[in-house]
Amino acid sequence: MTTFENNFTDGEYMRRIEKTRRAMEKRGLEAIVVSDPSNMSWLSGYDGWSFYVHQAVILTLEGEPTWWGRSMDALGAKRTVFMHDPDRIVGYDDTFVQNPQKHPMETLATLLAELGCERARLGVEMDNYYYSAAAHACLTERLPGAHFENVTGLVNWQRAVKSEREVEYMRRAARIVEEMHSRIFELAQPGIRKNDLIAEIYATGIRGADGFWGDYPAIVPMAPSGMDATAPHLTWDDRPMYTGEATFFEIAGAHRRYQCPQSRTLFLGEVPQKYRDAEQAVLEAIEAGLEQARPGNQAQDIANAFNATLNAAGFEKDSRCGYAIGISYPPDWGERTISFRRGDTTVLEPGMTFHFMPALWLDDGGLEITEPILITEEGHECLCSTPRELWVKT
């Protein structure tokens with residue numbers, strides 16, 4: 001029988017918990033209910049595809065956190081969380097699952113009362129994919145003496161600076177996405193069905209690289225061609241690739257839930273001059289942005305330098321050009337905190353990791369040449385060595 005090995009030491013989990021508790025104390029909170037699966041995993045180690053039902057990690061100001069979820073998933077919690085006390089894993093009866101007659105939050109309210117939180121100042125992640133309006137209504141009705149506050153992002157912000165082990169996992173994911181891009185360039189050609197190419201991308205990503213296995217990415221591969229590539233978030237179908245079209249591949253390598261996204265664009269056939277002009281502008285703007293990617297600068301410094309250079313070349317980008325990355329579950333590989341855009345005055349620190357995402361969408365296609373980066377003591381490190389250029393196959 002195999003034994004499960006936690007991704008991090010107990011000491012690292014406790015450091016994360018103490019950091020989070022300091023943030024809680026500043027808000028005057030006595031407990032938080034964490035339903036974002038990325039935050040749940042970061043605090044407890046829990047890892048499972050169970051976020052389609054209600055689940056959470058409860059953190060008070062003392063002791064280990066408590067995992068709460070569906071009873072059958074409690075078995076997975078026993079295999080993955082760092083907590084050693086079995087009472088810290090609490091499952092609810094399966095009759096509460098997707099039953100319009102009752103709600104799992106009824107059992108969470110009972111658990112919170114047992115933990116002494118019946119009249120506590122409680123934080124809940126109200127603007128989170130996994131915490132529904134019905135969940136909040138049920139929880140507040142069942143705990144009328146508690147005071148609820150919105151703590152969306154509270155745990156996310158504690159994740160901003162990565163530990164050495166987290167950076168190690170990010171680098172492993174970087175090697176994986178490099179392999180994925182190499183496979184794309186090897187196989188992509190006129191006539192290949194897009195779904196067949198995506199199957200190879202998935203296979204390469206899951207096999208991993210350098211002896212390290214690949215996890216599932218938090219976002220599926222996005223690989224639109226031609227006019228489809230004028231939009232940023234279309235995926236794939238069974239249509240073949242054609243000569244004369246650009247296709248951007250926005251993909252991520254993943255290892256132990258740590259995500260390393262990177263995009264490259266492939267043009268089949270002779271490249272029109274406007275794509276060459278866009279490529280040149282983007283590459284120069286990337287260099288300008290990377291020059292500002294160093295400790296002590298603000299997140300907006302990268303965006304301002306990037307946009308100034310891009311605008312000078314006659315191009316505009318009206319969306320942010322980067323965001324924080326790390327541990328993630330579907331539907332997003334971003335940390336939902338720091339963005340590279342004007343007005344974000346977050347000070348960059350060593351250990352922060354970002355997807356520098358300077359994509360352009362033209363009138364007949366898209367151009368994505370992006371870089372995952374790490375802020376270091378001296379400046380920055382590009383986590384991938386994938387050639388930074390518009391890829392062409394004739």
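Residues numbered from 1 in each chain as written. Predicted model: local features only at pLDDT ≥ 70, side-chain atom pairs only at ≥ 80, totals over all residues. Heavy atoms only, no water.

1. Observations concerning the overall build of the protein
For the protein, the helix and strand inventory stands at ten helices and 16 strands. For 394 residues, the compact-globule estimate of 2.2 N^0.38 gives 21 Å, and the C-alpha radius of gyration of the protein, at 22 Å, lies within 12% of that figure. For the protein, the spread of C-alpha atoms along the three principal axes comes to 70 × 45 × 40 Å. Among the 394 residues that make up the protein, the fraction classed as buried is 57%. A separation of at least 24 residues holds for 69% of the contacts in the protein among residues at least 6 apart in sequence. When the accessible surface of the protein is summed, it comes to about 16,800 Å², and 48% of that surface belongs to carbon and sulfur atoms. Across the protein, the centroid of the 39 positively charged side chains sits 2 Å from that of the 58 negatively charged ones. (Helix = DSSP H or I, 4+ residues; strand = E, 2+ residues; numbered from the N terminus. Rg over C-alpha atoms; globule rule 2.2 N^0.38 Å. Buried < 20%, exposed > 50% of the residue type's maximum accessible area, 1.4 Å probe, protein only. Contact = heavy atoms within 4.5 Å. Areas by Shrake-Rupley, 256 points an atom, 1.4 Å probe, with all protein chains shown as cover. Lys, Arg positive; Asp, Glu negative; His and termini not counted. Charge placed at Lys NZ, Arg CZ, Asp CG, Glu CD.)

2. Here's the deal with the pairing of strand 4 (residues 89-92)
By the bridge criterion, four bridges tie strand 3 (residues 66-70) to strand 4 in an arrangement that is parallel. Bridge pairing in strand 4 places Trp68 opposite Val90. Handedness of the crossover joining strand 3 and strand 4 through helix 3 (residues 71-80): right-handed. (Pairing = 2+ DSSP bridges. Right-handed = clockwise from strand over helix to strand, strands pointing away.)

3. Regarding the sheet that holds strand 2 (residues 56-60)
An order of 4-3-2-1-5-6 is seen for the six strands of this open sheet, with the pairing classed as mixed. Among the strands making up the open sheet, the edge pair consists of strand 4 and strand 6 (147-150). Neighbour-to-neighbour, the strand axes of this sheet turn through a mean angle of 25°, independent of strand direction. Alignment of strand 5 (residues 121-124) against strand 6, held across four bridges, turns out to be parallel. Bridge pairing in strand 6 links Val124 to Asn150. (Axes fitted to C-alpha atoms, helices over the stretch in contact; angles between N-to-C directions.)

4. Describing the state of the cysteines
Simply put, disulfide is the name for a covalent bond between the sulfur atoms of two cysteines. For the coordinates displayed, the defined rule picks out zero disulfides. Cysteine Cys138 shares no disulfide, and the gap to the nearest cysteine sulfur, in Cys117, comes to 16 Å. Accessibility expressed as a relative area gives 11% for Cys138, which makes it buried. (Disulfide = S-S within 2.5 Å.)

5. Quick notes on the pattern of salt bridges
What the rule picks out here adds up to 25 salt bridges. Here Arg21 ties to Glu18 by a salt bridge, and the two come within 3.0 Å at their closest N and O atoms. Within this pair, Arg21 and its partner Glu18 are both found in helix 1 (residues 10-27), separated by three residues, close to a single helical turn. Note on Arg21: relative accessible area 5%, which makes it buried. Taking the relative accessible area as the measure of exposure, Glu18 reaches 35% and is therefore partly exposed. Its salt-bridge partner being Asp228, residue Arg239 comes within 2.9 Å of it at the nearest N-O pair. One end of the pair, Arg239, is in the loop between helix 8 (194-207) and strand 7 (246-255); the other, Asp228, is in the loop between helix 8 and strand 7, with eleven residues separating them in the sequence. (Salt bridge = Lys/Arg side-chain N within 4 Å of Asp/Glu carboxyl O.)

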